[in-house]
Amino acid sequence: MKVRIYYGSTIGDTESIAQVLGEKLGAEVVPISLGIKNIDCLDLILFGSSTWGYGELQDDWGDRINILGNINLSGKKIGIFGTGDQESYEDTFCDAMGIIGKAARNAGGEIIGMTSKEGYNFSNSKALENNQLIGLALDINNQDDLTSSRIEEWVDQLKKEV
């Protein structure tokens, strides 16, 4: 399985998650600031971002979210992961995941890796669809003890869904 991970990270948490996912999936890990290139040969593309302020994309994703909308992702399996703070920003928890997921779908990508919202404590999120999270949501500030197990479960799930 050929996988590439694109991420945006400001303080390093999302980058660290991308690196761990990269090791577990044997994937190339690329900062989104370098752009999205040569995706034709990929079986799975992961996009990751932290959520900032009140539901905003991480800065490196700024212009690139529009570029993502112009790339043909038809026939591509897409996984979304992100970091957020469900206690301080309970009404915008991991919104960046939802923003990226919408852009990926608009470009023709098929989102895989939906996860349960059980075990989280937030009131609203753009990453929430049909009572599930659009991908792997991690809260390193408040639930870091669950990060490793959530990553393991998500990687296993992705491998089954590709």
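Just so we're clear, the structure is a prediction, and the values are computed from it rather than from any experiment. (Residues numbered from 1 in each chain as written. Predicted model: local features only at pLDDT ≥ 70, side-chain atom pairs only at ≥ 80, totals over all residues. Heavy atoms only, no water.)

**Quick word on the packing of aromatic side chains**
How we decide: The aromatic pairing rule takes the rings of Phe, Tyr and Trp, using the six-membered ring of Trp, and pairs them if the centres are within 6.5 Å, calling planes under 30 degrees apart stacked, those over 60 edge-to-face and the rest tilted. Throughout, exposure labels follow a simple rule: accessible area from a 1.4 Å probe, protein chains only, divided by the maximum for the residue type, with under 20% read as buried, over 50% as exposed, and the rest as partly exposed. Whether a charge lies above a ring is judged from NZ of Lys or CZ of Arg, which has to be within 6 Å of the ring centre and within 35 degrees of the ring normal.
On inspection of all chains with the given rule, the structure shows seven aromatic pairs. Ring plane angle 70° and centroid distance 6.4 Å describe the contact between Y120 and F122, whose orientation is recorded as edge-to-face. The same class applies to Y120 and to F122, which are both buried. One aromatic cluster is present, formed by Y6, F47 and W61 through successive ring pairs. A cation over a ring is seen here: R150 above Y120, with NZ or CZ 3.9 Å from the ring centre.

**Considerations on helix 1 (residues 13-25)**
To be explicit about the condition: Every helix listed is a DSSP run of H or I at least four residues long, and every strand listed is a run of E at least two residues long, numbered separately from the N terminus. Expected helix span is computed as 1.5 Å times (number of residues minus one). The arc in question is traced by the directions running from the helix axis to the C-beta atoms. Residue contacts are counted whenever heavy atoms from the two residues lie within 4.5 Å of one another.
Taking 1.5 Å as the rise per residue, helix 1 with 13 residues should run 18 Å; its terminal C-alpha atoms sit 18 Å apart, in good agreement. Residues T14, I17, A18, L21, G22 and L25 constitute the buried set of helix 1. The buried side chains of helix 1 occupy one side of the element, clustering within an arc of 140° when seen end-on. Against the buried residues of helix 1 lie strand 1 (3-8), strand 2 (28-31), strand 3 (44-52), strand 5 (77-83), strand 10 (136-138) and helix 4 (147-161). Downstream of helix 1 by a residue or two, G26 has a phi angle that is positive, lying close to 60°.

**Structural notes on the packing of helix 1 against helix 4**
Note the cut-off: To obtain an axis, a line is fitted to C-alpha atoms, over the contacting stretch when the element is a helix, and the angle between two such axes runs from 0 to 180 degrees between their N-to-C directions. Here the angle decides the label: under 35 degrees means roughly parallel, over 145 means roughly antiparallel, 65 to 115 means roughly perpendicular, and every other value means oblique. Two helices crossing with the near one rotated counterclockwise from the far one by less than a right angle form a left-handed crossing, whereas a clockwise rotation gives a right-handed crossing. Under the scheme applied, nonpolar residues are Ala, Val, Leu, Ile, Met, Phe, Trp, Tyr, Cys and Pro; charged residues are Asp, Glu, Lys and Arg; polar residues are all the others, including Gly.
Packing of helix 1 against helix 4 leaves a shortest axis separation of 11 Å and a crossing angle of 45°. With respect to helix 4, the axis of helix 1 lies oblique. For the element pair helix 1 and helix 4, the recorded crossing hand is right-handed. For the pair formed by helix 1 and helix 4, the contact residues are I17, V20, L21, K24 and L25 on the first element and T147, I151, E152, W154, V155, L158 and K159 on the second. Tallied by class, residues from the contact of helix 1 with helix 4 come to eight nonpolar, one polar and three charged.

**Points about the nonpolar core**
Just so we agree on the cut-off: Throughout, nonpolar core names a set of buried Ala, Val, Leu, Ile, Met, Phe, Trp, Tyr and Cys residues whose side chains join them through atoms within 4.5 Å.
Grouped together as the largest cluster of nonpolar side chains are 32 residues, with contacts concentrated most on F47, L68 and L73. Those elements that place two or more of their residues in this core are strand 3, helix 2 (64-69), strand 5 and helix 3 (95-106). Counting residues per element, this core draws most heavily on helix 3, which supplies five residues. Contacts of L68, omitting those with residues within four sequence positions, involve I36, F47, W61, L73, I100, A103, A104 and A107. One finds I5, F81, L138 and I151 within the second-largest nonpolar core, a separate group that totals 18 residues.

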